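Secondary and tertiary structure notes
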Amino acid sequence: MSSLTRSESRTDNAARVARKILGDLQSLVRLYDCSSETEIQNYAHDIQLGLEHSCISSFKFYISSKVNGYLLEAYEYIINENGEIENANATSGRHSYNEKLLNSKLDINISLKNRDKWEELKKSGKTKISWVPGDGKDLSGMVSQSDGAYKSGALGVSRTAYRSIQ
């Protein structure tokens, strides 16, 4: 009788979580036409790269009005590398339609925990987005709620949704 052991690498876990995040982005694009498929594929690629190399501590998706730049919705993802995430069974891409977000603009901000490694990945040409340092947008005046989490192996990412109260 033989036994088999399945081991997963950090790359496998990062790829699984990144696919869930890509599903979130694709849902936003389908609902609101807020970006292009190519751009969100590139965002998901770079997020996966950051997860694989433990460079990113969190990231946020901002959905703003193209007319006045007013922040309408945001999603914050917090990375937990030890996998201790409650309710890590969220369904990717489950966004409810809000007509105020139609033809909006998507921006993504990442927070780094290992800037040197991230810069090394950028210099080697592995990232697809020309990320620039910048502060996140102000989420005050928005209501927030835990919106599930994704987990694969020891890698967990919790998601919080922020919505404008106006």
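What counts and what doesn't
- Numbering of residues begins from 1 in every chain and follows the order in which that chain's sequence is written.
- With pLDDT at 70 or above as the cut-off, local features in this predicted model cover only qualifying residues; side-chain atom pairs require 80 or more to be listed or tallied, and sums for whole chains, interfaces and linings still use all residues.
- Excluding hydrogens and water, the side-chain values take into account all heavy atoms of the structure.
- The rule is short: rings of Phe, Tyr and Trp, with Trp giving its six-membered ring, pair when the centres are within 6.5 Å, and they are stacked under 30 degrees, edge-to-face over 60, tilted in between.
- What counts as a helix is a DSSP run of H or I of at least four residues, what counts as a strand is a run of E of at least two, and both are numbered from the N terminus.
- Burial classes follow relative accessibility: with a 1.4 Å probe on protein chains only, a residue under 20% of its type's maximum area counts as buried, one over 50% as exposed, and anything between as partly exposed.
- The convention is simple: Lys and Arg are positive, Asp and Glu are negative, and His and the chain ends are not counted.
- For this analysis, a salt bridge means a side-chain nitrogen from Lys or Arg found within 4 Å of a carboxyl oxygen belonging to Asp or Glu.
- Here a polar contact is recorded for every N or O atom pair within 3.5 Å, except that within protein the pair must consist of a potential hydrogen donor and a potential acceptor, and residues adjacent in sequence are included only if both atoms are side-chain atoms.
- In this analysis, two residues are considered to be in contact whenever any of their non-hydrogen atoms come within 4.5 Å of each other.

Notes on the packing of aromatic side chains
By the definition in use, this model includes 5 aromatic pairs. Here Y43 and W131 contribute two aromatic rings whose centre-to-centre distance is 5.6 Å and whose plane-to-plane angle is 55°, an arrangement assigned as tilted. You can see Y43 sitting in helix α2 (residues 37–52) and its partner W131 sitting in the loop between α3 (115–123) and β4 (142–152), a full 88 residues away along the chain. Across this residue pair, the class does not change: Y43 and W131 are buried. Ring geometry for W118 and W131: centres 6.3 Å apart, planes at 70°, overall edge-to-face. Of this pair, W118 sits in helix α3 while W131 sits in the loop between α3 and β4, and the two are 13 residues apart along the sequence. Through successive ring pairs, a cluster of aromatic residues spans Y43, W118 and W131.

Re unusual backbone geometry
Not every positive phi belongs to a glycine, and D33 is a case in point at roughly 50°. Residue position: D33 is located in the loop between α1 (10–32) and α2. Overall, the relative accessible area of 45% leaves D33 in the partly exposed class. Despite not being glycine, N103 shows a phi value in the positive range, around 60°.

Some words on the side chain of D46
Structurally, the position occupied by D46 is in helix α2. Among buried charged residues, D46 stands out as having no salt bridge; its nearest opposite-charge side chain is K128, 7.0 Å away. Engagement of the side chain of D46 in a polar contact is seen with the side chain of W131, the distance being 2.7 Å. Excluding residues within four positions of it along the chain, D46 makes contact with I56, W118, K126, T127, K128, I129 and W131.

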